[in-house]
Amino acid sequence: MAPAITLAAEAPKLSAANTGFMLICSALVMLMTPGLAFFYGGMVRVKSTLNMLMMSFISLGIVTILWVLYGFSMAFGTDSGSLIGWNSDWVGLSNIGLTQLWDGYTIPIFVFLVFQLMFAIITPALISGALADRVKFSAWALFIALWATVVYFPVAHWVWGAGGWAFELGVIDFAGGTAVHINAGAAALGVILVIGKRIGFKKDPMRPHSLPLVMLGAGLLWFGWFGFNAGSWLGNDDGVGALMFVNTQIATAAAMLAWLAYEKIRHGAFTTLGAASGAVAGLVAITPAGGAVSPFGAIAVGAIAGVLCAMAVGLKYKFGYDDSLDVVGVHLVGGVVGSLLIGLFASGKGQSTVEGLFYGGGLTQFWKQCAGVFAVLAYSLIVSAILAFILDKTIGMRVTEDDEVAGIDQAEHAETAYDFSGAGGGAAKTAAVAAAAAGAESKKVDA
């Protein structure tokens, strides 16, 4: 029988169930980075496959070490001026007790920090898809380290850190529409405006070399995204995480169907690349919104994002920026769409009582979403362009024209993705075919 009088609320206690759930979610989010590597790796030409895989994988190494040294402290430490955090006890992850709980939750700090680490890892990896075929691997590795330090860690504090200005303003970002997707998409645009187009852009065919690899990557992303989204509630006690899980599936399905419908009307075919891209667009758009909208709202968010992202990927040909694998069209546009639609479709029955325009809440939340969206977009775009400019003028961002034409895999990694020496007449014939193909491409560039 419950006591008649409660003198004080009980302090949270460590929950084995929530802790285990969050560790599983962290592993799922980690899997998304290799999934992204396969997704991007299948979309490039065969001569760039390994480089594309490595541009994602290297983030697992670099960002992990930075997070341990100072990244976690910058993102989630004690607020300073609503712009950055810091906690010297967390530098090197020192002075954190094994069972010390994350403030207000039932999971240890170690569990929270490793979950957030996986977000920090995949965000710069997302940028890499815009830079396919033409960036030095050493320059890219240095860019990741600098970008994570001056862009991702501060923006994560703005959006999710106690005292961060966007957090205090009431900007809703359940799992990373601003901090991850708009952040990465704007950064991609900033960098490609500095480093320029691939050789042969809008002239040579640059089709995906392995659509099965693309579909595998998309499937792994979809699978891992349940941890990315549902885990962001940091527990399973009130059903909000379950709502986010359900909405993730619904919006992704709606976006895939909407993209395919647009593609059929616009281009006359249902493509596998369109199905994969549409699914990712839905995942991106529901990421900020899924805890605030109803399942019907999730259908709307997904369908709108599917169509608008499908339309947006063609803008690079109209405006002449070479976004190799549509990072701007899918992640920037999808993140903006999902974040802004919260101001229209928030039901007041999910993560908070905030209601959007269509539920009687007016435009108050919409304007808050606009503030978060455009501040992150502008900051990431400008700072990323400055970082790329500095690196380009010092160590150089791009490989040589000869290396780009011959293949960045061989030039940067001394490897190739596929060994055909045992097929079709032996190594000599394969080498001759490869040499002829490289020569033909080189003549095309000279012409």
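Remember, it's a predicted structure, so these values are computed and weren't measured experimentally.

**Looking at the overall build of the chain**
Moving on, step 1. When its secondary structure is counted, the chain shows 16 helices and two strands.
Moving on, step 2. Its C-alpha atoms give the chain a radius of gyration of 23 Å, near enough to 22 Å, the size a compact globule of 447 residues would have.
Moving on, step 3. Along the longest, intermediate and shortest principal axes, the C-alpha atoms of the chain span 85 × 50 × 40 Å.
Moving on, step 4. Taken across its 447 residues, the chain has 55% of its residues classed as buried.
Moving on, step 5. Relative to all contacts within the chain whose residues are 6 or more apart in sequence, the contacts with residues 24 or more apart total 76%.
Moving on, step 6. A total accessible area of about 18300 Å² is found for the chain, and carbon and sulfur atoms account for 68% of it.
Moving on, step 7. Here the chain contributes 21 positive and 26 negative side-chain charges, whose respective centroids are spaced 12 Å apart.

**With respect to empty space enclosed by the protein**
Moving on, step 1. Applying the stated rule across the entire model yields two cavities of 30 Å³ or more.
Moving on, step 2. Its boundaries defined by the atoms lining it, the largest cavity holds a volume of some 50 Å³.
Moving on, step 3. Phe39, Tyr40, Met43, Ser277, Val280, Leu325, Asp326, Val327, Val330 and His331 are the residues that line the largest cavity.
Moving on, step 4. Those elements that place two or more of their residues in the lining of the largest cavity are helix H1 (16-43), helix H9 (272-289) and helix H12 (327-345).
Moving on, step 5. Its residues placed into classes, the lining of the largest cavity shows seven nonpolar, two polar and one charged.
Moving on, step 6. Along its surface, the second largest cavity is lined by Met32, Leu36, Ile122, Leu126, His181, Leu221, Trp225, Phe228 and His331.
Moving on, step 7. Elements represented by at least two residues in the lining of the second largest cavity include exactly H1, helix H3 (109-127) and helix H7 (211-230).
Moving on, step 8. When the residues that make up the lining of the second largest cavity are grouped by side-chain class, the tally is seven nonpolar, two polar and no charged.

**Overview of the packing of helix H8 (residues 240-267) against H9**
Moving on, step 1. At a minimum axis distance of 7 Å, the contact between H8 and H9 shows a crossing angle of 140°. Here H8 is positioned oblique relative to H9, judged by the angle of their axes. Our pair here, H8 against H9, has a crossing hand that is right-handed. Of H9, the residues touching H8 (which contributes Met244, Asn247, Thr248, Ala251, Thr252, Ala255, Met256, Trp259, Leu260 and Glu263) are Gly274, Ala275, Ser277, Gly278, Ala279, Ala281, Gly282, Leu283, Ile286 and Thr287.

**Focus: the side chain of asparagine 229**
Moving on, step 1. Of note, asparagine 229 is situated in helix H7.
Moving on, step 2. A polar contact of 3.0 Å, which involves the side chain of asparagine 229, links it to the side chain of threonine 248.

**Let's talk about the confidence of the model for the chain**
Moving on, step 1. Residues at a pLDDT of 70 or more form 92% of the chain, whose mean pLDDT is 93.
Moving on, step 2. Segment residues 426-447: pLDDT under 50, and 14 contacts once partners within four positions in sequence are set aside and those in other chains are kept.

**Describing H7**
Moving on, step 1. The first and last C-alpha atoms of H7 sit 29 Å apart over 20 residues, in line with the 28 Å expected at 1.5 Å per residue.
Moving on, step 2. Within H7, the axis deviates most sharply at glycine 224, by approximately 30°.

**Overview of helix H4 (residues 137-160)**
Moving on, step 1. Considering bend angle alone, the principal kink of H4 is centred on alanine 148 and spans about 45°.
Moving on, step 2. Counted residue by residue, H4 has 20 buried out of 24 residues, so it is predominantly covered.

**Topic: the environment of glycine 278**
Moving on, step 1. Looking at the secondary structure, you find glycine 278 in helix H9.
Moving on, step 2. Glycine 278 sits in the buried class, given a relative accessible area of 0%.
Moving on, step 3. Separated by 185 residues in sequence, glycine 278 and leucine 93 have C-alpha atoms that sit 39 Å apart.

**Let's talk about a nonpolar patch on the surface**
Moving on, step 1. A cluster of nonpolar residues, Leu357, Phe358, Tyr359, Leu363 and Trp367, forms a patch on the protein surface that exposes about 510 Å² of accessible area.
Moving on, step 2. As for its placement among the helices and strands, phenylalanine 358 is situated in the loop between H12 and helix H13 (364-394).

**Notes on the environment of tyrosine 70**
Moving on, step 1. Inspection of the secondary structure puts tyrosine 70 in helix H2 (residues 49-76).
Moving on, step 2. Remark: the alpha-carbon pair of tyrosine 70 and alanine 258, spanning 188 residues in sequence, is separated by 42 Å.
Moving on, step 3. For tyrosine 70, the residues in contact, after removing those within four places along its chain, are Trp86, Thr149 and Phe153.

What counts and what doesn't
Residues numbered from 1 in each chain as written. Predicted model: local features only at pLDDT ≥ 70, side-chain atom pairs only at ≥ 80, totals over all residues. Heavy atoms only, no water. Helix = DSSP H or I, 4+ residues; strand = E, 2+ residues; numbered from the N terminus. Rg over C-alpha atoms; globule rule 2.2 N^0.38 Å. Buried < 20%, exposed > 50% of the residue type's maximum accessible area, 1.4 Å probe, protein only. Contact = heavy atoms within 4.5 Å. Areas by Shrake-Rupley, 256 points an atom, 1.4 Å probe, with all protein chains shown as cover. Lys, Arg positive; Asp, Glu negative; His and termini not counted. Charge placed at Lys NZ, Arg CZ, Asp CG, Glu CD. 1 Å grid on protein atoms, 1.4 Å probe; cavity = no way out; pocket = protein on both sides within 12 Å on 5 of 7 lines; lining within 4 Å. Points joined across faces, edges and corners; volume = space filled by probe spheres on them. Nonpolar A, V, L, I, M, F, W, Y, C, P; charged D, E, K, R; others polar. Axes fitted to C-alpha atoms, helices over the stretch in contact; angles between N-to-C directions. Parallel < 35°, antiparallel > 145°, perpendicular 65-115°, else oblique. Left-handed = near helix turned anticlockwise from the far one by under 90°. Polar contact = N/O pair within 3.5 Å; in protein donor to acceptor, adjacent residues only side chain to side chain. pLDDT = per-residue confidence, 0-100. Expected span 1.5 Å × (residues − 1). Bend = angle between axes of the 7 residues up to and from the residue. Patch = residues over 30% accessible without salt bridge, like charges linked within 9 Å, V, L, I, M, F, W, Y side chains within 5 Å. Salt bridge = Lys/Arg side-chain N within 4 Å of Asp/Glu carboxyl O.

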